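# Coordinate inspection notes
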Amino acid sequence: MAKASENGVAGAINTISQGTEIKGNIKASGDFRMDGTLEGDIVLEGKLVVGENGNVRGNIICQNANIIGTVCGNVTVKELLSLDSTAVVQGDIVINKLSIEPGAKFVGTCKMYRDTEAAFNAAQNQEPETSED
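Residues numbered from 1 in each chain as written. Predicted model: local features only at pLDDT ≥ 70, side-chain atom pairs only at ≥ 80, totals over all residues. Heavy atoms only, no water.

Moving on: the pattern of salt bridges. Counting across every chain of the model gives one salt bridge. In this structure, the salt-bridge partner of Arg33 is Asp35, at a minimum N-O distance of 2.8 Å. On the basis of relative accessible area, Arg33 is assigned to the partly exposed category, the value being 32%. Taking relative accessible area as the criterion, Asp35 reaches 16% and is therefore assigned buried. (Salt bridge = Lys/Arg side-chain N within 4 Å of Asp/Glu carboxyl O. Buried < 20%, exposed > 50% of the residue type's maximum accessible area, 1.4 Å probe, protein only.)

As structure tokens, then:
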């Protein structure tokens, strides 16, 4: 569960239900469950769960994450990233700890840091790539 913060309430869980589609970024201080579709980035101070029908097309930065559905984007997790057997992740991950069940699909690179703050800071300090034509 999420810790109390000056912007949120302890135990606050936000949910996007199956059948819901959102275009835009999400920033929250509590925990979050995504069972719908999001085209945008997620930044959380708590835990993210991407449910079996969840589909995220964007980058993720959070404290902990459990991916059961699909993520197409970079994932940065300060503590533990868990990929269930039905998970599909296409993108680079930066983590402190990683758990992958047999059957999970991951295409990308993985950077693992021993220091949780180093992993989190590395992701937050990454500048978006720009192309010059």
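Don't stop here, the text continues.
A word on the sheet that holds strand β10 (residues 64-67). Strand pairing in a sheet is mediated by backbone hydrogen bonds. Such pairs are either parallel or antiparallel. An order of β1-β4-β7-β10-β13-β16 is seen for the six strands of this open sheet, with the pairing classed as parallel. At either margin of the open sheet sits one strand with a lone partner, and together these are β1 (13-16) and β16 (97-100). Across the sheet, the axes of successive neighbouring strands diverge by a mean angle of 10 degrees, strand direction being ignored. (Pairing = 2+ DSSP bridges. Helix = DSSP H or I, 4+ residues; strand = E, 2+ residues; numbered from the N terminus. Axes fitted to C-alpha atoms, helices over the stretch in contact; angles between N-to-C directions.)

Take the nonpolar core next. Residues Ile42, Leu48, Val56, Ile60, Ile67, Val75 and Leu81 are the most contacted members of the largest nonpolar core, which totals 24 residues. Setting aside chain neighbours within four positions, we find Ile42 in contact with Ile26, Leu48, Val56, Asn59, Ile60 and Ile61. (Core = buried A, V, L, I, M, F, W, Y, C linked by side-chain atoms within 4.5 Å. Contact = heavy atoms within 4.5 Å.)

What follows covers the pairing of strand β4 (residues 31-34). With four bridges connecting them, β1 and β4 associate as parallel partners. Looking at β4, one finds that Asn14 is bridged to Phe32. Here β4 pairs with strand β7 (residues 47-50) via three bridges, running parallel. In the sheet register, Phe32 faces β7, and the bridge partner there is Leu48.

All quantities given are derived from atomic positions and should not be read as evidence of function.
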